[in-house]
Amino acid sequence: METNIIENKKDYKPLGVSGLGGWLILVQIGLYGTIIIQIMQFFQNSSMMFDTEVWTALTSSESEFYHPLWGATVVFEIVITLALLLFSVYILVNFYRRKSILPRLLIIFYVVVPVVGIIDYVLLLQIPLVRELETGRSLRNVIRPVMTSAIWIAYFMKSERVHNTFIK
């Protein structure tokens, strides 16, 4: 019997790194940060929609700030913010449950965030008032998630820790 155990030990390959440590700590922090930011943005955007004076100033054709895209853009931002908030919570739950679907969920998340940012940026630039006030900061806020996403997507596709923690 001992011979079988020893023979099996020869065939045994160590798992390598696994668990929610390493670079995955940054992912956890990022997810919590995303949830906090999405909650703040939801209330900020919702307050514009539910504040009658602000909503009227943006969506009434008699207003000097009027543009037909304001209403659609604000609603788009609220819906997307709420969807990203719920998706982030769903990802976090699957993260701690160590579900095998997690790498795919995070890759989807890291693709969707910059795409939504680009769509929002293009929508906002269609509004002359926003275009006049654009300082380049918004463009940097679009480029940063693209670069961040490229790094994390590569990590989730190639990482031994991710494979050992979520795939096996």
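Residues numbered from 1 in each chain as written. Predicted model: local features only at pLDDT ≥ 70, side-chain atom pairs only at ≥ 80, totals over all residues. Heavy atoms only, no water.

Asker: What's the story with helix α8 (residues 160-167) in this structure? I'm lost.
Answerer: Note: α-helices contain 3.6 residues per turn, so residues at a spacing of three or four share the same orientation. Considered for burial, the residues of α8 that qualify are Arg161, Val162, Asn164, Thr165 and Phe166. Capping the start of α8 is the job of one residue whose side-chain oxygen sits 3.2 Å from the backbone nitrogen of arginine 161: serine 159. (Buried < 20%, exposed > 50% of the residue type's maximum accessible area, 1.4 Å probe, protein only. Helix = DSSP H or I, 4+ residues; strand = E, 2+ residues; numbered from the N terminus. Polar contact = N/O pair within 3.5 Å; in protein donor to acceptor, adjacent residues only side chain to side chain.)

Asker: Is there a simple way to explain unusual backbone geometry in this structure?
Answerer: The bulk of non-glycine residues show a negative phi, and the bulk of peptide bonds are trans. Here arginine 98, not a glycine, exhibits a phi torsion of approximately 55°, which is positive. Within the element layout of this structure, arginine 98 appears in the loop between α4 (69-96) and α5 (102-125).

Asker: What's the story with the packing of aromatic side chains in this structure? I'm lost.
Answerer: Geometrically, a pair of aromatic rings is defined through the distance of the ring centres and the angle of the planes. Counted under the stated rule, the structure contains eight aromatic pairs. An angle of 85° between the planes, with centres 5.4 Å apart, marks the rings of phenylalanine 95 and tyrosine 96 as edge-to-face. By relative accessible area, which is 0% here, phenylalanine 95 ends up buried. Of the residues examined, tyrosine 96 reaches a relative accessible area of 39% and is grouped as partly exposed. An angle of 50° between the planes, with centres 6.5 Å apart, marks the rings of tryptophan 152 and phenylalanine 156 as tilted. Taken together, the residues span about one helical turn, with tryptophan 152 and phenylalanine 156 both in helix α7 (residues 137-158) at a distance of four residues. Of the residues examined, phenylalanine 156 reaches a relative accessible area of 5% and is grouped as buried. An aromatic cluster is built from Phe87, Phe109 and Tyr110, whose rings are joined through pairwise contacts. (Phe/Tyr/Trp six-rings, centres within 6.5 Å; stacked < 30°, edge-to-face > 60°.)

Asker: Help me out: how do you make sense of the environment of glutamine 28 in this one?
Answerer: By secondary structure assignment, the location of glutamine 28 is in helix α2 (residues 24-50). Sequence-distant contacts of glutamine 28, that is, excluding residues within four places in its chain, are made with Leu20, Phe95 and Tyr96. Side chain to side chain, glutamine 28 and tyrosine 96 meet in a polar contact 2.8 Å long. (Contact = heavy atoms within 4.5 Å.)

Asker: Looking at this model, I keep getting lost on the confidence of the model for the protein chain. Mind explaining?
Answerer: In low-pLDDT segments, the atomic positions of the prediction should not be examined closely. Averaged over the protein chain, the pLDDT score is 89; the fraction of residues at 70 or greater is 91%. Every residue in residues 1-6 is under pLDDT 50, and counting partners more than four places away or in other chains gives zero contacts. (pLDDT = per-residue confidence, 0-100.)

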